[in-house]
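Observations on the model geometry
Here is how the chains run, residue by residue.
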Amino acid sequence: MNAQQPASRYRYRIFSLLFFIALINYIDRGALSFAANAISHEYHFSKVELGAVLSYFGFGYLFGSLCGGFLADRLGSRKVWLLAGVLWSLLEIATAWAGDLGMALFGGSAIMGFAALRILFGFAEGPAYALMNKAIAHWAPDNERGMALGIGLLSTQVGALLTAPVAVGLLLLTHDWRTMFIVLGLGSLLAMALFARTFRDDPEQHPHANEAERALIRNGQAAQRSEATLPWWHFFTSRTLVCNALGYFSFLYITFTLITWGPKYLQDNFHYDLHSLWYVAMIPWSGACITVLLGGRIADTLLRRYQNLRLARNLFAAVTLLFTACCFLAIPLVSSAAAIIALMTLGNALNALVNNVYWSVVIDVTPKGNVGTYSGMTLAIANLASIISPLLSGWLAEYYGYNAMFTATAAIAFGSMLAMTLLQPEKRLQAQTSATLREQQA
């Protein structure tokens with residue numbers, strides 16, 4: 001009877017939950033961009049100072065992604081995600097008083113208050129995507145990995161798309177940017193309560209996943225059975241992992257450029273007010289919501305049909321990044337709002353098409369016991385973009401105009417295209433026993 005029992009499909013509920021929590025994560029981080037004008041006017045920030053405020057998140061995010069992946073491999077995804085989620089929710093609420101905190105504690109410097117809270121907030125949000133990748137490594141069989149990653153990573157695009165109506169809606173409803181942060185933080189706390197009730201680290205621990213589903217997942221992960229781990233520094237011995245992280249840098253650079261400076265660019269250049277910004281700022285993310293899912297299906301199809309990882313990873317990513325760069329390079333050549341928004345939308349959609357590849361490559365070459373740590377290291381390297389993008393974009397906009405910001409974005413995409421051609425995804429890192437490692441060291 002048990003052998004004939006159909007497999008449950010609880011893993012799809014887990015994939016949906018990962019999408020939802022990561023979606024909340026993304027809306028919370030992006031809301032500051034829509035309050036940027038009000039905050040700048042209240043505290044008299046220049047574009048360079050505002051760029052600094054927007055970039056502080058990245059400093060914390062870099063270290064949070066490193067620590068989160070490392071801790072997840074040792075404590076489990078659920079514990080780390082609950083701790084991080086509650087912390088980022090409380091810090092989102094505290095952002096309402098960031099400027100006042102700086103004025104009171106840092107010699108009248110409002111910007112230092114934002115620096116302190118945004119760095120801590122970034123640290124709390126940092127583990128999310130490394131934790132999601134580790135959860136998928138446990139819950140998805142290999143032939144569903146691209147689809148599962150696509151669902152999880154869709155949160156980036158949908159989160160960026162929904163940040164505009166959610167943040168602007170709260171601003172218009174309350175007429176107060178501080179209340180916006182309080183409401184968002186309370187909503188995040190409720191989301192984490194749902195997560196605590198629903199999520200477990202792997203199918204073996206979950207009562208709603210039956211034995212048939214557990215067997216389906218186990219048998220579909222032939223390349224991932226070894227739980228032996230490698231030292232963290234082995235990450236840097238892999239050309240594939242290092243180049244993959246550099247490729248992912250481009251994805252995050254484009255994402256952070258659009259999410260941090262996109263709303264203000266539209267306000268400054270085309271004079272959109274909040275009543276129109278809520279839907280105009282959604283447009284550049286509309287195509288990406290489709291392509292982030294399509295990318296996973298394309299990668300899975302290429303791999304299944306040709307059994308060639310370089311085709312499904314290197315070539316797919318490099319060609320797509322080439323066209324992405326061309327879109328942003330063309331923005332300074334046009335002048336109408338419609339044409340610029342169309343190019344931003346197309347470029348962002350192409351950028352999202354290969355988001356799945358970066359995370360798949362980590363699972364391709366990494367023992368399961370290292371997926372959390374190496375995902376976190378990939379994210380930490382790539383998330384230098386979350387620091388560099390707001391700072392560099394603000395500096396370029398202040399001294400050379402917004403067109404220079406888009407030209408720099410295109411150059412970053414070209415560089416990442418070259419990095420992705422150097423991957424060797426067919427070469428797995430071999431997990432070794434501690435005895436073998438001691439012999440090598442001796």
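Residues numbered from 1 in each chain as written. Predicted model: local features only at pLDDT ≥ 70, side-chain atom pairs only at ≥ 80, totals over all residues. Heavy atoms only, no water.

Here's the deal with the pattern of salt bridges
If the charged atoms of two oppositely charged side chains come close together, the side chains can form a pair. For the structure shown, the criterion picks out 13 salt bridges. Notably, a salt bridge pairs Glu213 with Arg11, separated by 3.0 Å at the nearest N-O pair. Of this pair, Glu213 sits in helix H10 (residues 211–219) while Arg11 is found in helix H1 (residues 10–34), placing the two residues 202 residues apart along the sequence. Exposure class is identical for Glu213 and Arg11. Each is buried. The shortest N-O distance in the salt bridge between Glu204 and Arg218 comes to 2.6 Å. Of the two residues, Glu204 is situated in the loop between helix H9 (177–198) and H10 and Arg218 in helix H10; the sequence distance between them amounts to 14 residues. Under the relative-accessibility criterion, Glu204 is labelled partly exposed at 42%. (Salt bridge = Lys/Arg side-chain N within 4 Å of Asp/Glu carboxyl O. Helix = DSSP H or I, 4+ residues; strand = E, 2+ residues; numbered from the N terminus. Buried < 20%, exposed > 50% of the residue type's maximum accessible area, 1.4 Å probe, protein only.)

Focus on the packing of H1 against helix H3 (residues 47–75)
In the contact formed by H1 and H3, the axes pass within 10 Å of each other and the chain directions differ by 160 degrees. Between H1 and H3, the crossing angle belongs to the class labelled roughly antiparallel. Judged by the twist between their axes, the crossing of H1 over H3 is right-handed. For the pair H1 and H3, the contacting residues are Arg29, Leu32 and Ser33 in the first and Val53, Leu54, Phe57 and Tyr61 in the second. Class assignment for the residues of the contact of H1 with H3 results in five nonpolar, one polar and one charged. (Axes fitted to C-alpha atoms, helices over the stretch in contact; angles between N-to-C directions. Parallel < 35°, antiparallel > 145°, perpendicular 65-115°, else oblique. Left-handed = near helix turned anticlockwise from the far one by under 90°. Contact = heavy atoms within 4.5 Å. Nonpolar A, V, L, I, M, F, W, Y, C, P; charged D, E, K, R; others polar.)

Here's the deal with the packing of helix H7 (residues 128–139) against helix H16 (residues 355–365)
At a minimum axis distance of 11 Å, the contact between H7 and H16 shows a crossing angle of 55 degrees. Between H7 and H16, the interaxial angle falls into the category oblique. Here H7 runs over H16; the crossing is right-handed. In this structure, H7 contributes Tyr129, Ala130, Asn133 and Ala137 to the contact, and H16 contributes Trp359, Val362 and Ile363. Looking at side-chain class alone, the contact of H7 with H16 contains six nonpolar, one polar and no charged residues.

With respect to the environment of Leu83
Mapped onto the secondary structure, Leu83 falls in helix H4 (residues 77–94). Overall, the relative accessible area of 64% leaves Leu83 in the exposed class. As a C-alpha pair, Leu83 and Tyr26 span 57 residues in sequence and 17 Å in three-dimensional space.

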